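Reading the structure
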Amino acid sequence: MAISVNHFSTLMICMILLLPALCYGTQSYDSKATFYKTSDGKGTPTGACGYGEYGRYVNDGLVTAASWKLYKNGVGCGACYQVWCKDKALCSDVGVKVKVTDSGEGPGTDFILSSDAFAKMAKHPKLAHMLFPKGVVDVDYKRVSCKYDNLIIKVNEHSNYHGYLAILLLNNGGYADILAVEIYEEKSYKWTPMRRSYGAVFDLSNPPKGNLKLKIQIKVDGKTKWVQSDKTVIPDHWKADSTYETDVQIP
């Protein structure tokens, strides 16, 4: 199949400028967005993903509750989206990148943004006061990467070393969905599946003792695969409310 000169020129410009996201970016969709208020304009610590205080300040508080379609019973927790409103008089072409920390929707809305995130869609901070009275705005959105480094594991505060382990997955790269989690106890040579308790929280009754490794099933661009740690992620005699950095990166 022949490629036109104009098409070839465009392709070369994209390659030279190293901006493939602009040339062959993720498909965008149209929807609506609204906002919720907190005392500081950032996220809420009671979001359905179970992030707690992390859910208030992650991504500088530029967070969102997502519709059930995007929340996906917790699988959508940690996903990042670029959201921009269609009111050209008030809104910028770039919009705002938000992280899903909660579940919620109104009539036709896929996003309930923190007020800081809602204001960020305006062309200029001084125009935000004209955006808020609209309440609900038409938007376009697309899935993007959150660009984190290694996955972080936080042991839930309700965990008990003698009989119950719940972990919270933080710093998800955002472009991949986390479908399942298994832990590996080095002495037993056995992988044990965990249950998605809710949101980004996975748990297990009577967890194995000893140093634990981690295996995570992810879905990227319609393809499912497992990624796993090469070293101990959760040490023996772990403690509730502790945080551990893994050697796992979610694309």
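The notes below deal with the structure included here. (Residues numbered from 1 in each chain as written. Predicted model: local features only at pLDDT ≥ 70, side-chain atom pairs only at ≥ 80, totals over all residues. Heavy atoms only, no water.)

**Regarding the state of the cysteines**
Evaluated as defined, the whole model comprises three disulfides. With its sulfur 2.1 Å from that of its partner, C49 forms a disulfide with C77. Residues C49 and C77 are joined through a disulfide that is left-handed, its torsion about the S-S bond being -95°. Of this pair, C49 sits in the loop between β1 (29–36) and α3 (54–57) while C77 is found in the loop between α4 (68–71) and β3 (80–85), placing the two residues 28 residues apart along the sequence. (Disulfide = S-S within 2.5 Å. Helix = DSSP H or I, 4+ residues; strand = E, 2+ residues; numbered from the N terminus.)

**Here we look at unusual backbone geometry**
For Y189, which is not glycine, the phi torsion reads 55° and is therefore positive. Inspection of the secondary structure assignment puts Y189 in the loop between β9 (177–185) and β10 (190–193). Unusually for a residue other than glycine, D241 sits at a positive phi of about 75°. Here D241 is to be found in the loop between β14 (223–228) and β15 (243–245).

**Side note on the sheet that holds β14**
An order of β10-β9-β13-β14 is seen for the four strands of this open sheet, with the pairing classed as antiparallel. Each edge of the open sheet carries a strand with a single partner, namely β10 and β14. Between one strand axis and the next, the sheet turns by 25° as a mean value, whatever way the strands run. (Pairing = 2+ DSSP bridges. Axes fitted to C-alpha atoms, helices over the stretch in contact; angles between N-to-C directions.)

**Some thoughts on the pairing of strand β11 (residues 195–198)**
Looking along a regular strand, one sees the side chains alternate between the two faces of the sheet. Summarising the sheet, β11 and strand β12 (residues 201–205) pair through three bridges and their orientation is antiparallel. When the bridges of β12 are listed, Y198 appears paired with V201.

**Section: the sheet that holds strand β2 (residues 63–66)**
A barrel is described by the order of its strands in space; here six strands give the closed sequence β1-β5-β2-β4-β3-β6, paired in mixed fashion. Across the sheet, the axes of successive neighbouring strands diverge by a mean angle of 45°, strand direction being ignored. In this sheet, strand β4 (residues 96–103) lies alongside β3 in antiparallel orientation, the contact comprising four bridges. Within β4, the position partnered with Q82 by the bridge is K97.

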